[in-house]
Amino acid sequence: MWISSEELESVKNQFEGINVEEGENFTSLTVDKSSLLNLLVYLKNSLGYKHFIDLFCIDYPLHRPRFQGIYILFNPEKNRRVAVKCWAEEDSLPSVVHIWKGAKWAEREAWDMFGVSFDGHENLVRMFLWEGYKHHPLRKDFPLKGIEDTYLPSLNLRPDEIPAHNYNPYHTKVPTLEDIERTQKSRMEKKNQIVLNWGPLHPGTHGTIWFLFDMEGEYVKNCDIILGQLHRGVEKIAENLTYTQFIPYTDRMDYISALCSQVAYVNAVEKLLGIDPPEKAKYIRTMMCELQRINSHLLWLGTFALDLGALTIFLYAFREREKIMDIIEGIAGIRLNSSYIRIGGVAKDLPDGALDVISHFIKDFPEKLEEYETILTKNRVWLKRNVDVGIIKKDDVYSYGLTGVVARSAGIPYDIRMVQPTDAYDKVDFEIPLGKVGDCYDRYLLRMEEMRQSLSIIAQCVEKLKNMEGKEYIATDYSNVLPTLEEVFNSIESMVKDFTLRVYGEKTTDGEVYLSGENPRGELGFYINSKGEGRPYRMRIRSGAFYNLQIFPELIKGRTIADAVAILGSLDPVVGETDR
């Protein structure tokens, strides 16, 4: 749900010249740069839109000013969103870090990708690329393959050989050691005894994350994080693919919960295209997402426990996780990056026996959960490493834009499955566990309870699906939904439709949509700006892991280096999603 008409009238009365664009999928307020900060403060303090969700930019090369910033906010009392747009006059916008701390990384990313500066930002450095890089990749005039301006002849090409017809000795620039050193020094000034580098290849960082700790003895006094080692320009790629072609790329962001990412993206596209998938497909998606949630939490539990010295749990968790991987492979055909979800439904119907296997798993799994908790929950070493470590308060959730388990550990009942239910989530019963302290131990307890709630959702979906055998699993009647393989083989009309959609993409009208899903790592949101073509003009991917990770430097200050492993593990980032 978006901002109400009464609240829009209130904004119009307070601010002159506000341009309101109301829509079912996206409602925005466009304001002059001079009034931006006042409007944001009014929305936050007077209307209750205090939860920062996202900030990003769009490039309109033929418009002056060229760049437009978009802020998305959420009202936790009324469960409503609002978007604020502002043109970046002279390629700059005022910084909002003093209003929401979570805007710090978002502003750095906008500077990195578009070259939009933010007046008042304390240390505006690049987010993913290295300092000294001359270009801004998400600008429309930046080519998809990059700018090949660096001479790097192939080491494998001998002098007497004739190169291939497409051989080019010039490549896109790669950072030198001097570039990397400059990037490191730009992030944090040494003020204490020693600067310690942790990562990006340390197993405790759970991916290619580079941490800088300014330390006095064993205690961390200051911290910053360097991302980008896994940045692949996914948002740029999306602008050059059809909506269906982009589905496999969602798999490869949060690769630990690929199905959840697919569902979040496809739901946003379906909203844009006006497609309503069959009821059976909705229940299949919901069931698969919850299986993937348990899968993800088991991986988290095993690796988190291993980080803190508990090897047995790692082996136990992977024992059950392997069963879920087999179920996913049996239904989707691939264990990890399945691309099983389709616009309009799912790629395949459930195979014979799938529901029986799932029923057996949900009957067996509660006993295994008890095993895990018997070993960990009251273990004195586990308690010592987690209790009162990395405490997150309610105000931190709103200021940093925290979502998922990280937000709920602070007692904030923010769960997209309840706030904005998609698929069959409005037809199943489940509870949202909440924390009381907001520490690492609360985040452990919440994920354990979430697995139980996921089992309940899966059981309800299984009972519904048992009565839907033979029913439609993809809505191929819609003009923008690919026909099934059987339809292509048996109908010339379906063959032509399949060819047209794959070549020209899914045609839609001009419009905007923002829709998100509840990933195991928090809110994964997709903003799509369409100009009526077969591919998005701009796609923004709002990563829950990206924003959740941003609070780490604040949580580690004043604590020992040993706590870094526990705090980071409790936040559970996946770098494929943070870097995109």
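Look above for the structure.
### Remarks on the side chain of arginine 126
Right, so step 1: If you trace the backbone, arginine 126 turns up in the loop between strand S7 (117–119) and strand S8 (148–151).
Right, so step 2: Apart from residues no more than four positions distant in its own chain, arginine 126 is found in contact with Trp111, Asp112, Glu131, Tyr133, Lys134, His135, His136 and Arg187.

### Side note on the environment of isoleucine 194
Right, so step 1: Note on placement: isoleucine 194 falls in strand S10 (residues 194–198).
Right, so step 2: Residues isoleucine 194 and phenylalanine 213, 19 residues apart in the sequence, show an inter-C-alpha distance of 8.1 Å.
Right, so step 3: Ignoring any residue separated from it by four or fewer positions in sequence, one finds isoleucine 194 in contact with Phe213, Asp214 and Met215.

### What to know about a negative patch on the surface
Right, so step 1: Among the surface-exposed residues, Asp32, Glu89, Glu90 and Asp91 lie close enough to one another that they form a single negatively charged patch.
Right, so step 2: You can see aspartate 91 is positioned in the loop between strand S5 (80–87) and strand S6 (92–94).

### Side note on the pairing of strand S17 (residues 538–542)
In regular strands, side chains alternate between the two faces of the sheet.
Right, so step 1: With 5 of 5 residues buried, S17 lies mostly within the body of the structure.
Right, so step 2: Along S17, one buried face is formed by Arg538, Arg540 and Arg542 and the opposite face, lined by Met539 and Ile541, is buried too.
Right, so step 3: Here strand S16 (residues 522–531) runs beside S17; their pairing, made up of 5 bridges, is antiparallel. What sits directly across from asparagine 529, in S17, is arginine 538.
Right, so step 4: The antiparallel hairpin formed by S16 and S17 contains 6 residues in its connecting segment, where glycine 532 sits at a positive phi of about 85°.

### Quick word on the state of the cysteines
Right, so step 1: Under the definition given, this model contains 0 disulfides.
Right, so step 2: Of the cysteine sulfurs around cysteine 223, a residue in no disulfide, the closest is that of cysteine 440, at 14 Å.
Right, so step 3: Note on cysteine 260: no disulfide assigned, nearest cysteine sulfur contributed by cysteine 289 at a separation of 4.3 Å.

### Topic: the pattern of salt bridges
Right, so step 1: Applying the stated criterion across every chain yields a total of 48 salt bridges.
Right, so step 2: A salt bridge links aspartate 251 to arginine 252; its shortest N-O distance comes to 3.9 Å.
Right, so step 3: We classify aspartate 251 as buried; its relative accessible area is 0%.
Right, so step 4: A salt bridge links glutamate 270 to arginine 285, with the shortest nitrogen-to-oxygen separation between them at 2.6 Å. Here glutamate 270, found in helix H7 (residues 258–273), pairs with arginine 285, found in helix H8 (residues 279–307); they are 15 residues apart in sequence, far enough to count as distant.
Right, so step 5: Classification of arginine 285 by relative accessible area gives buried; the value is 0%.
Right, so step 6: Overlapping salt bridges bring together Glu290, Arg293, Arg408, Asp415, Arg417, Glu450 and Glu518 as one network.

### As for the packing of H8 against helix H15 (residues 440–465)
For any two helices packed against each other, one specifies the crossing angle of their axes together with the interaxial distance.
Right, so step 1: Contact geometry of H8 with H15 gives a least axis separation of 9 Å together with a crossing angle of 155°. The orientation of H8 relative to H15 falls into the category roughly antiparallel. Of the two possible hands of crossing, H8 and H15 adopt the one that is left-handed.

### Describing the environment of lysine 33
Right, so step 1: By the secondary structure assignment, lysine 33 is in the loop between strand S2 (28–30) and helix H2 (36–45).
Right, so step 2: Placed 202 residues apart in sequence, lysine 33 and glutamate 235 show a C-alpha to C-alpha distance of 26 Å.
Right, so step 3: Not counting residues within four places of it along the chain, the set of residues in contact with lysine 33 comprises Cys86, Trp87, Glu89, Ser92, Leu93, Pro94 and Asp119.
Right, so step 4: Separated by 2.7 Å, the side chains of lysine 33 and serine 92 make a polar contact.

### Here's the deal with the nonpolar core
Side chains that are nonpolar tend, in soluble globular proteins, to be buried together.
Right, so step 1: If you look at the biggest cluster of nonpolar residues, it comprises 172 residues, and the most contacted ones within it are Leu43, Phe213, Met287, Tyr340 and Phe552.
Right, so step 2: Excluding residues that lie within four positions of it along the chain, leucine 43 makes contacts with Val11, Leu29, Gly48, Tyr49, Leu73, Val82 and Val84.

### Quick notes on the packing of aromatic side chains
Right, so step 1: This model, assessed by the stated rule, comprises 31 aromatic pairs.
Right, so step 2: Centre to centre, the rings of tyrosine 425 and phenylalanine 430 are 6.3 Å apart; their planes meet at 70°, and the pair counts as edge-to-face.
Right, so step 3: An aromatic cluster of at least three residues, connected via ring pairs, comprises Phe52, Trp100, Trp105, Phe128, Phe546 and Tyr547.
Right, so step 4: Geometry around tyrosine 316 places arginine 319 over its ring, the cationic atom sitting 4.7 Å from the centre.

### Topic: the sheet that holds S16
Right, so step 1: Strand order in this open sheet of 3 strands is S15-S16-S17, and the pairing throughout is antiparallel. A single partner strand is all that each edge strand has here, and the edge strands are strand S15 (510–519) and S17. Strand-to-strand twist across the sheet, computed as the mean angle between neighbouring axes with direction ignored, equals 10°.

### Description of the packing of helix H10 (residues 354–376) against H15
Right, so step 1: Where H10 meets H15, the axes come as close as 10 Å, and the angle between the chain directions of the two elements is 165°. As far as their axial angle goes, H15 and H10 are roughly antiparallel. Helix-helix and strand crossings are classified by hand; for H10 and H15 the assignment is left-handed. Of the residues in H15, those in contact with Leu355, Ile358, Ser359, Phe361, Ile362, Phe365, Pro366, Leu369, Glu370, Tyr372, Glu373 and Leu376 of H10 are Tyr444, Met448, Met451, Arg452, Leu455, Ile458, Ala459, Val462 and Leu465.
Right, so step 2: Partitioned by chemical class, the residues of the contact of H10 with H15 number 17 nonpolar, 1 polar and 3 charged.

### A short note on the sheet that holds strand S1 (residues 19–21)
Right, so step 1: With respect to topology, 5 strands assemble into an open sheet ordered S1-S2-S5-S4-S3, the strand pairing being mixed. Every interior strand has two partners, whereas the edge strands, S1 and strand S3 (51–59), have only one. Strand-to-strand twist in this sheet, taken as the mean axis angle between neighbours without regard to direction, amounts to 20°.
Right, so step 2: Across 3 bridges, S1 lies against S2 in antiparallel orientation. In the sheet register, asparagine 19 faces S2, and the bridge partner there is threonine 30.
Right, so step 3: Lying over the sheet, helix H3 (residues 103–114) contacts S3 and strand S4 (67–75), oriented at roughly 10° with respect to S3.

Rules used in this analysis
- Residues numbered from 1 in each chain as written.
- Predicted model: local features only at pLDDT ≥ 70, side-chain atom pairs only at ≥ 80, totals over all residues.
- Heavy atoms only, no water.
- Helix = DSSP H or I, 4+ residues; strand = E, 2+ residues; numbered from the N terminus.
- Contact = heavy atoms within 4.5 Å.
- Patch = residues over 30% accessible without salt bridge, like charges linked within 9 Å, V, L, I, M, F, W, Y side chains within 5 Å.
- Areas by Shrake-Rupley, 256 points an atom, 1.4 Å probe, with all protein chains shown as cover.
- Salt bridge = Lys/Arg side-chain N within 4 Å of Asp/Glu carboxyl O.
- Lys, Arg positive; Asp, Glu negative; His and termini not counted.
- Charge placed at Lys NZ, Arg CZ, Asp CG, Glu CD.
- Buried < 20%, exposed > 50% of the residue type's maximum accessible area, 1.4 Å probe, protein only.
- Pairing = 2+ DSSP bridges.
- Disulfide = S-S within 2.5 Å.
- Axes fitted to C-alpha atoms, helices over the stretch in contact; angles between N-to-C directions.
- Parallel < 35°, antiparallel > 145°, perpendicular 65-115°, else oblique.
- Left-handed = near helix turned anticlockwise from the far one by under 90°.
- Polar contact = N/O pair within 3.5 Å; in protein donor to acceptor, adjacent residues only side chain to side chain.
- Core = buried A, V, L, I, M, F, W, Y, C linked by side-chain atoms within 4.5 Å.
- Phe/Tyr/Trp six-rings, centres within 6.5 Å; stacked < 30°, edge-to-face > 60°.
- Lys NZ or Arg CZ within 6 Å of the ring centre and 35° of its normal.
- Nonpolar A, V, L, I, M, F, W, Y, C, P; charged D, E, K, R; others polar.

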